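The residues making up each chain are set out below.
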Amino acid sequence: MKKCLLLVFSCLFICANAQENKNNNKFKQLKQELPTPNSYRNASGAPGHEYYQQRADYKMKLKIDDENQRLHGDERIQYYNNSPDELSYLWLQLDQNVRAKDSDSHKIRGSQINERTNLSSLARLDPSFDGGFKIDHVKDDNGKKLNYVINKTMMRIDLEKPLKNGESFSFNIKWWYNINNTRKDRGRSGYEHFEEDGNNVYVIAQFFPRMCSYNDVEGWQNKQFLGRGEFALIFGDYDVEIEVPVDHLVASTGELQNADKVLTGEQKKRLKKAAKETVHPVIIASMEEAEDRMKDKKSKTQKWHFKAENVRDFAFATSRRFIWDAMGVKMADGRTVMAQSMWVKEGDCLWRKYSTKAVAHTIKWFSHYTFDYPYPTAWSIDGSMGMEYPMICFNFGRCEDDGTYTQRMKYGHIGVIIHEVGHNWFPMIVNSDERQWTWMDEGFCTFVQYLTEQHWERDFPSRRGPAHKIVDYMGGDKSKISPIMTNSESIHQFGNNAYGKPATAFNILRETVMGRELFDHAFKTYSNRWKFKHPMPGDFFRTMEDASGVDLDWFWRGWFYTNDHVDQSLVSFKPMEVEAFNPRVSMAKQKATRDEGPVNISTIRNRQEIKKTLNEEDPTINDFYTDYDPLETNALDDKEYQDYIDGLSEDERKILESGKNFYELKFENEGGLVMPVIFDFVYEDGTKETFRLPAEVWKLNHSSFTKIFPTDKKVVEVILDPYLELADVDRSNNYYPHKQEEDRFDLFQSRKKRTRDNPMQRDRKAKELSKKKDIKP
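First, a word on scope: everything that follows refers to the structure included in this document. (Residues numbered from 1 in each chain as written. Predicted model: local features only at pLDDT ≥ 70, side-chain atom pairs only at ≥ 80, totals over all residues. Heavy atoms only, no water.)

1. Things to note about the overall build of the chain
Phase 1: The number of helices and strands found in the chain is 21 helices and 30 strands.
Phase 2: Expected size for 777 residues packed as a compact globule is a radius of gyration near 28 Å; at 36 Å, the chain overshoots this value by more than 25%.
Phase 3: The principal-axis extent of the C-alpha atoms belonging to the chain is close to 130 × 100 × 60 Å.
Phase 4: In the chain, buried positions account for 49% of the 777 residues.
Phase 5: In the chain, the proportion of contacts linking residues at least 24 apart, taken out of those at least 6 apart, comes to 75%.
Phase 6: When the accessible surface of the chain is summed, it comes to about 39900 Å², and 49% of that surface belongs to carbon and sulfur atoms.
Phase 7: The average position of the 114 basic charges and that of the 121 acidic charges among the side chains of the chain differ by 7 Å. (Helix = DSSP H or I, 4+ residues; strand = E, 2+ residues; numbered from the N terminus. Rg over C-alpha atoms; globule rule 2.2 N^0.38 Å. Buried < 20%, exposed > 50% of the residue type's maximum accessible area, 1.4 Å probe, protein only. Contact = heavy atoms within 4.5 Å. Areas by Shrake-Rupley, 256 points an atom, 1.4 Å probe, with all protein chains shown as cover. Lys, Arg positive; Asp, Glu negative; His and termini not counted. Charge placed at Lys NZ, Arg CZ, Asp CG, Glu CD.)

Structure representation (structure tokens):
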């Protein structure tokens, strides 16, 4: 028994000691966290010499049943196995099954009884919408039925013989599903119904069984779709026919193949004009034409034929309510890309003015920061809160009833278009695994969106990007903050985590850690290395270091693998004046300070009340020290001073004669996230000087750092993080002398902000009031 207890104690001691000796250095290299480089993905972050990716080509015939809001589809998929592995089965995604009544997405959604509980929320507890794919058949090219198993949002097709490297397999699927109402059932796609005229607007995506990704990292990426973690897809060519009512317009991934059959002569003429117009969009289908179509609905149908090459997905939109405009965007290689929009009259005040120009603007600046847009067209469609697909995206933006719009709606409309069109680069071309890593498309896209917005309008009110916009999130409750490197389905505060924080991190890298030149080169290198390929996080981390020559492991570790925050504090400021300490000068100053300074109250009263001390009565007890003054100087002090001066080196003499001021600053890292130390000295004459210390100042001590700074002028104020570039969550400890940043609350302005009138409406009312003589400013 004693031996057993001794053994247990020894194990506990060894484990505790091992934990104590664990390398927790914040600058430790990311060796354990990143996958080992191999022939598929090399150590520089580039595709390896044996890199491969699968491919699937689709040929589809689709029909929209406008009466019943259903989509019917028939597809032929040709799947190419470029991997070195033999595949005995294939996995397909059935994303519409997330809307099935028995979907896990309903089961995992929490709910509570509280003051917000109402009949609508109670009705949603038991899903009534009959969603999900209805599979009619799965057959090979010879019409033979294939064995398949549906597992919620995934379908496995069992092959009669393994599919070897270099081989392809073709099969056919016929299906249909009920299209969800985006206003009632929400969702990335679906239809919106307009009661006033009985028409629908369809924005259709995730509408077909499509191949899962198979790669060197995950094998089959068949993680179930629960509604948040989006899609892992492979590239291929699409040949798609879409049958809709004859009076519908259609926008789609790809290029229209049968314009002569589905467009009017006037529309084709306008499109040719639009291709040459690079400043202002040309109306292809007007509001008046849309209203005519809405009044006289046709039941006859026609087919729109589209082809798309080398895309990872396909989506389309259709309605008789659409207004349509377009313009050309000239690319560096001489191509003209068509920027286009379709919208409904309820959004005309915004869409006519901004949408297509925002598309063109996005093509220009995303191309500038990454690579030229490779596709022939880019669409922005009115019909969703914001969702992206190759060459087409669905966005929001509606007018008030009086035709005005709020400031928030204006910039939200422009911003969402830039963001969703920008997704053509991430992940539609730089094809990351959204099911696993949301930040690899949303974070990148939000970051370049911020850069693009700033080219739209000076000081554009971007929601995300600058460091100071993320501090409330990063300084919040840690139990509700996930590291960025968290699976998409398990993230707390999804928008802040997957959009805001990574976008802020990239902006800090660009502005503060690496500098614009190094960052832009490295970011372009990553984008070009992995366009039309499937990157993983390690490929990005490694490429950014490889292309810049900057060790960023400390940054990735802190920003992406932890939920630490930035809180640097200036805990002490000590001025030091350098002088030679001439004893006669220095002692005289100290003596004057002593003799002219305040006297302790006890000393004053003792001098008054004590008539005579003992040594005054008996001088025999006096000695040298009785009258000794340590501030008096003598010849020996003079000689020692002269010997000191004569012994100084030339460098020491220069320092002595320079008249410089010296200041010792002590910084503490209270938030845990190591970052560069940036501060301003404000001098007595009102000028400023900025000091930038790299993050490596924390390498040997993660919690504090002390350093002396020489200056030519006298410092009167110190400001830590003066340009709001570190995302410091508490600025109250960033100053010497200490000062509290004020929160000003203007009650009148607060009341004014709460008014229901938007600024455009207020401006109209103000102009009306100004005409009245009894109203004075």
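2. A short note on the environment of Val 729
Phase 1: Secondary-structure assignment places Val 729 in the loop between β29 (715–720) and β30 (735–736).
Phase 2: Each C-alpha atom of the pair Val 729 and Gly 386 lies 30 Å from the other, and the pair is 343 residues apart in sequence.

3. Structural notes on the state of the cysteines
Phase 1: Within the structure shown, the criterion is met by one disulfide.
Phase 2: Covalent S-S linkage joins Cys 349 and Cys 399, the inter-sulfur distance amounting to 2.0 Å. Residues Cys 349 and Cys 399 share a disulfide whose torsion about the S-S bond is about -120°; that sign makes it left-handed. Here Cys 349, found in helix α7 (residues 348–369), pairs with Cys 399, found in the loop between β23 (392–395) and α8 (407–422); they are 50 residues apart in sequence, far enough to count as distant. Assigned by exposure class, Cys 349 and Cys 399 land together as buried.
Phase 3: Cysteine Cys 445 remains unbridged, with the sulfur of Cys 393 as its closest cysteine sulfur at 9.7 Å. (Disulfide = S-S within 2.5 Å.)

4. Some thoughts on unusual backbone geometry
Phase 1: Put simply, Phe 426 and Pro 427 share a cis peptide bond, and its omega is 15°.
Phase 2: A cis amide bond links Tyr 736 to the next residue, Pro 737, at an omega of -10°.
Phase 3: When you line up the elements, Pro 737 lands in the loop between β30 and α20 (747–754).
Phase 4: Non-glycine residue Gln 206 carries a positive phi angle of around 50°.

5. Digging into the sheet that holds strand β6 (residues 154–163)
Phase 1: Pairing is antiparallel across the open sheet formed by four strands, whose spatial order is β5-β6-β3-β10. Unpaired on one side and paired on the other, β5 (148–151) and β10 (210–211) mark the two borders of the sheet.
Phase 2: Strand direction decides the pairing type here: β5 and β6, joined by four bridges, are antiparallel. Its bridge partner lying in β6, Tyr 148 is registered against Ile 157. (Pairing = 2+ DSSP bridges.)

6. Digging into the sheet that holds strand β1 (residues 55–65)
Phase 1: Across the sheet, seven strands lie side by side as β4-β7-β2-β1-β13-β17-β15; this open sheet has mixed pairing. Strands with a single pairing partner mark the edges of an open sheet, and in this sheet they are β4 (134–140) and β15 (255–256).
Phase 2: Judged from the six bridges that link them, β4 and strand β7 (residues 168–178) form a sheet pairing that is antiparallel. Note that in β7 the partner of Lys 139 across the bridge is Asn 172.

7. Quick notes on helix α13 (residues 537–548)
Phase 1: Counted at 1.5 Å a residue, the expected span for α13 with its 12 residues is 16 Å, and the 17 Å between its end C-alpha atoms agrees.
Phase 2: Burial within α13 is extensive, with 11 of its 12 residues counted as buried.
Phase 3: Of all the positions in α13, only Pro 537, Gly 538, Asp 539, Phe 540, Phe 541, Arg 542, Thr 543, Met 544, Glu 545, Ala 547 and Ser 548 are classed as buried.
Phase 4: Remark: Gly 549 follows α13 within two positions and exhibits a positive phi of approximately 70°. (Expected span 1.5 Å × (residues − 1).)

8. Quick look at the side chain of Asn 81
Phase 1: Within the secondary structure layout, Asn 81 lies in the loop between β2 (70–80) and β3 (87–93).
Phase 2: Residue class for Asn 81 comes out buried when judged on its relative accessible area of 0%.
Phase 3: With sequence-adjacent residues up to four places away left out, Asn 81 is seen in contact with Gln 54, Leu 87, Leu 163, Lys 164, Asn 165, Gly 166 and Glu 167.

9. Quick look at the pairing of strand β17 (residues 301–311)
Phase 1: Inspection of the sheet shows strand β13 (residues 236–245) paired to β17 by nine bridges, in the antiparallel sense. By the bridge assignment, Ile 242 is partnered in β17 with Trp 304.
Phase 2: Sheet topology places β15 next to β17; two bridges connect them, and they run antiparallel. Paired with Glu 255 across the two strands is Lys 307, which belongs to β17.

10. What about a nonpolar patch on the surface?
Phase 1: A grouping of Leu 119, Leu 122 and Leu 125 is seen on the molecular surface, where their side chains present a nonpolar patch of about 340 Å² in accessible area.
Phase 2: Structurally, the position occupied by Leu 119 is in helix α3 (residues 119–123).
Phase 3: With relative accessibility at 72%, the residue Leu 119 sits in the exposed group. (Patch = residues over 30% accessible without salt bridge, like charges linked within 9 Å, V, L, I, M, F, W, Y side chains within 5 Å. Salt bridge = Lys/Arg side-chain N within 4 Å of Asp/Glu carboxyl O.)

11. Thoughts on the pairing of β2
Phase 1: By the alternation rule, side chains of β2 split into Leu 71, Gly 73, Glu 75, Ile 77 and Tyr 79, which are all buried, and Arg 70, His 72, Asp 74, Arg 76, Gln 78 and Tyr 80, of which none is buried.
Phase 2: With 11 bridges connecting them, β1 and β2 associate as antiparallel partners. Of the residues in β2, the one forming a bridge with Asp 57 is Gln 78.
Phase 3: The turn linking β1 back onto β2 is made up of four residues, and Gln 69 within it adopts a positive phi angle of 50°.
Phase 4: Looking at chain direction, β2 and β7 are connected through 11 bridges and run antiparallel. Its bridge partner being in β7, Glu 75 is matched across the sheet by Ile 173.

12. Concerning the pattern of salt bridges
Phase 1: Going through the model one piece at a time under the given rule, you end up with 44 salt bridges.
Phase 2: Between Glu 230 and Arg 188 there is a salt bridge; the shortest N-O distance is 2.9 Å. Taken together, the positions of Glu 230 in the loop between β12 (219–220) and β13 and Arg 188 in the loop between β7 and β8 (190–194) put the pair 42 residues apart, joining distant regions of the chain. Per residue, the accessibility class of Glu 230 equals that of Arg 188, and both read buried.
Phase 3: The residue Asp 595 makes a salt bridge to Arg 594 at a minimum N-O spacing of 3.1 Å.

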